[in-house]
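This is what each chain is made of:
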Amino acid sequence: MMTGRLLKLLRWVNGLSIYGYFFFAFIYAPILLIVVFSFNANPVNMMIWEGFTFDWYRTIFGLSNKLTESALYIESSDQLYSAVKNSLLVALITTAVSTVFGTAVAVAVARFRFRLQGFYRALMFLPMIMPDIVLGIALLIFFVSLGVKLSLLTIIIGHCTFLTSYVFVVVSARIADMDESLEEASADLGADGWTTFRRVTLPMILPGVIGGALLAFIISMDDLVITYFIAGVDSTTLPVFIYGMLRRGIKPEINAIATIMLLFSIVIASIGLYLRARKK
């Protein structure tokens with residue numbers, strides 16, 4: 001009897017392992033293909049391997065004009081650099097604003113008691129669960145109704161509307177694990193509210209604040225749908241730029257740009273994990 005149950009358990013564990021392998025292959029195989037074909041020398045059909053080359057990366061960084069002189073490649077490196085600069089500017093400002101507001105709201109909701117507190121907490125989750133296209137259209141109508149010209153400013157405001165919620169959720173989870181008696185002890189020893197926050201609360205929730213900030217930065221850099229609706233003529237971000245390239249055909253440079261963005265996201269995530277481990 002025990003042997004039969006053990007065999008069933010082993011079969012179940014083995015089947016679960018196979019399912020796990022297929023699951024991770026389903027997720028990461030397309031990403032691996034993008035990285036591999038970013039080095040494909042075929043300038044026409046990127047799915048047919050012709051050889052290994054760094055030409056697409058040289059073109060992106062302006063180290064070679066061999067491809068941009070061809071009629072097939074009309075993208076300008078200046079346009080790409082401008083899109084990258086806009087994305088970084090939007091992501092940095094949005095991260096700073098969202099982190100400050102998201103952290104402040106998380107602390108206020110966790111430490112103060114007021115009417116409709118549960119409703120307010122649920123309201124903070126709404127931008128996260130709302131479809132991006134609905135939020136993008138709503139923001140577009142809002143800015144047009146107020147007569148605001150679409151620009152980098154409207155993108156920053158739009159990103160802050162939903163990224164503040166992400167920071168709020170991450171920081172709130174960190175505050176939930178915090179011992180409130182430490183803040184009470186600080187108050188008993190004569191510290192005011194600001195001193196308690198700066199010397200006790202903030203150091204303890206700092207890993208959550210850093211995690212929320214990095215999450216906001218990566219999402220802002222990668223956002224396409226909402227940015228597409230509220231971006232102006234001269235405020236193209238990198239995802240919108242890549243989407244514009246895809247509409248005119250799949251080009252080899254797209255794989256190279258996607259690989260660089262993937263590497264950049266991995267570096268940002270690694271920095272966050274390092275800072276969190278170092279803080280501990």
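Shown above is the structure to which this text applies.
Let me begin by describing the structure that accompanies this report. (Residues numbered from 1 in each chain as written. Predicted model: local features only at pLDDT ≥ 70, side-chain atom pairs only at ≥ 80, totals over all residues. Heavy atoms only, no water.)

1. Overview of the overall build of the protein chain
Phase 1: For the protein chain, the helix and strand inventory stands at eleven helices and zero strands.
Phase 2: Tracing the protein chain from N to C terminus, the helices and strands come up as α-α-α-α-α-α-α-α-α-α-α.
Phase 3: The 280 residues of the protein chain split such that 36% are buried.
Phase 4: Long-range contacts, defined as pairs at least 24 residues apart, comprise 68% of the intrachain contacts of the protein chain with a sequence gap of at least 6.
Phase 5: Within the structure as shown, the protein chain displays about 17100 Å² of accessible surface, and the carbon and sulfur contribution to it stands at 70%. (Helix = DSSP H or I, 4+ residues; strand = E, 2+ residues; numbered from the N terminus. Buried < 20%, exposed > 50% of the residue type's maximum accessible area, 1.4 Å probe, protein only. Contact = heavy atoms within 4.5 Å. Areas by Shrake-Rupley, 256 points an atom, 1.4 Å probe, with all protein chains shown as cover.)

2. Section: the packing of helix 7 (residues 180-188) against helix 8 (residues 193-222)
For any two helices packed against each other, one specifies the inter-axial angle together with the distance between the axes.
Phase 1: Contact geometry for helix 7 and helix 8: axes closest at 10 Å, N-to-C directions at 165°. On the basis of the axis angle, helix 7 is roughly antiparallel to helix 8. Of the two elements, helix 7 crosses helix 8, and the hand of that crossing is right-handed. Every residue of helix 8 that contacts helix 7 at Leu182, Glu183, Ser186 and Ala187 is listed here: Thr196, Val200, Thr201 and Met204.
Phase 2: Among the residues making up the contact of helix 7 with helix 8, the classes are represented as four nonpolar, three polar and one charged. (Axes fitted to C-alpha atoms, helices over the stretch in contact; angles between N-to-C directions. Parallel < 35°, antiparallel > 145°, perpendicular 65-115°, else oblique. Left-handed = near helix turned anticlockwise from the far one by under 90°. Nonpolar A, V, L, I, M, F, W, Y, C, P; charged D, E, K, R; others polar.)

3. Focus: the side chain of threonine 53
Phase 1: Checked against the element boundaries, threonine 53 lands in the loop between helix 1 (2-37) and helix 2 (55-60).
Phase 2: Note on threonine 53: relative accessible area 8%, which makes it buried.
Phase 3: A polar contact of 3.0 Å, which involves the side chain of threonine 53, links it to the backbone nitrogen of aspartate 55.
Phase 4: Contacts of threonine 53, omitting those with residues within four sequence positions, involve Ser38, Phe39, Asn40 and Ala41. (Polar contact = N/O pair within 3.5 Å; in protein donor to acceptor, adjacent residues only side chain to side chain.)

4. A closer look at the nonpolar core
Among soluble globular proteins, nonpolar side chains are generally buried collectively.
Phase 1: By size, the foremost hydrophobic cluster in this structure holds 27 residues, and its most contacted members are Val171 and Ile205.
Phase 2: Looking at this core, the elements that each hand over two or more residues are helix 3 (77-111), helix 5 (132-146), helix 6 (152-176), helix 8 and helix 9 (225-230).
Phase 3: When residues of this core are assigned to their parent elements, the largest contribution, ten residues, is made by helix 6.
Phase 4: For isoleucine 205, the residues in contact, after removing those within four places along its chain, are Thr103, Val107, Val171, Arg174, Ile175 and Met178.
Phase 5: The next biggest cluster of nonpolar side chains, apart from the first, holds 14 residues, and it includes Tyr57, Ile60, Phe241 and Met245. (Core = buried A, V, L, I, M, F, W, Y, C linked by side-chain atoms within 4.5 Å.)

5. As for the environment of valine 109
Phase 1: Here valine 109 lies in helix 3.
Phase 2: The spacing of valine 109 and tyrosine 120 is eleven residues in sequence and 8.3 Å in space, taken between C-alpha atoms.
Phase 3: Beyond its immediate sequence surroundings of up to four residues, valine 109 is in contact with Phe114, Gln117, Tyr120, Arg121 and Phe168.

6. Observations concerning the environment of alanine 176
Phase 1: Note that alanine 176 resides in helix 6.
Phase 2: Sequence-wise, alanine 176 and isoleucine 205 are 29 residues apart; in three dimensions their C-alpha atoms are separated by 9.7 Å.

7. What about the side chain of asparagine 255?
Phase 1: By the element assignment, asparagine 255 lies in helix 11 (residues 252-279).
Phase 2: Judged by relative accessible area, which is 7%, asparagine 255 ranks as buried.

8. Focus on the packing of aromatic side chains
Phase 1: All chains considered together, the criterion is met by ten aromatic pairs.
Phase 2: Seen in terms of ring centroids, phenylalanine 125 and phenylalanine 168 are 6.3 Å apart; in terms of plane orientation they differ by 85°. Their pairing is edge-to-face. Placement of phenylalanine 125 in helix 4 (residues 117-129) and of phenylalanine 168 in helix 6 is noted, with a sequence separation of 43 residues between them.
Phase 3: The class of phenylalanine 125 is partly exposed, set by a relative accessible area of 35%.
Phase 4: Residue classification places phenylalanine 168 among the buried positions, given a relative accessible area of 1%.
Phase 5: Members of the aromatic cluster, connected to one another through ring pairs, are Phe39, Phe52, Phe54 and Tyr57. (Phe/Tyr/Trp six-rings, centres within 6.5 Å; stacked < 30°, edge-to-face > 60°.)

Structural measurements only, silent on function.
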